[in-house]
Amino acid sequence: MSSPSVSRPPSRPTSNTAGRTVLWIAILLTLALLTFITIFTANHNPYVNDVARNKISKYKFIEECKTQFDQFATSVGKSQNAVFTTEYDPKSLVEGAVSNPDPKAAGWVLSSTVAVSRQGLGSQSIPFACQSDANGKVSLVQQSAPQQ
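Calculation notes
- Residues numbered from 1 in each chain as written.
- Predicted model: local features only at pLDDT ≥ 70, side-chain atom pairs only at ≥ 80, totals over all residues.
- Heavy atoms only, no water.
- Helix = DSSP H or I, 4+ residues; strand = E, 2+ residues; numbered from the N terminus.
- Buried < 20%, exposed > 50% of the residue type's maximum accessible area, 1.4 Å probe, protein only.
- Contact = heavy atoms within 4.5 Å.
- Areas by Shrake-Rupley, 256 points an atom, 1.4 Å probe, with all protein chains shown as cover.
- pLDDT = per-residue confidence, 0-100.
- Pairing = 2+ DSSP bridges.

### Here we look at the overall build of the protein
- When helices and strands are counted, the protein shows 4 helices and 5 strands.
- Reading the helices (α) and strands (β) of the protein from amino to carboxyl end gives α-α-α-β-α-β-β-β-β.
- Within the protein, the fraction of its 148 residues that count as buried is 21%.
- Counting contacts in the protein only where the partners sit at least 6 residues apart, residues at least 24 apart contribute 49% of the total.
- Approximately 11300 Å² of the protein is accessible, and the part contributed by carbon and sulfur atoms is 58%.

### A closer look at the confidence of the model for the protein
- Taken as a whole, the protein shows an average pLDDT of 77; of its residues, 76% reach a score of 70 or greater.
- Helix α2 (residues 51–54) is the least confidently modelled element of the protein, averaging 67 in pLDDT, while helix α1 (residues 17–43) averages 87, the highest of any element.

### Concerning the pairing of strand β5 (residues 138–141)
- As paired elements, strand β4 (residues 123–132) and β5 share 4 bridges and run antiparallel to each other. Opposite C130, over in β5, you have L140 as the bridge partner.
- The turn joining β4 and β5, which pair antiparallel and follow one another in sequence, is formed by 5 residues; a positive phi near 90° is taken by G136.

Dropping the structure here:
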């Protein structure tokens, strides 16, 4: 009589501790890099600068300026029986908004341009400016057209 063949269970590969170590190091380095990038970008965010000094964030200030100018364009359009549309250049708005140059005064100052168009007519680039006061209240300011 022959003995029944004994089958062996398939052998499992040995654990690869070196591979796991490399994997964990790669994960930790990735997390460290992402943390660094997050901290760096948060500190250099062009929309939120010196809120404590200026009483309003740069983003809120820019949005309020756009709202105020849009209301102004709407009121001028109503007086002329026309509808004006406005188009802002985001880069120009961010670069044009700066902290009040007077170190004793809080607030933001914005000087930029807006493309205003009327249906059936072309668009025209118009300068506009606004500022915020020490309480964070935003208002449009008169700005003369550039001399040519």
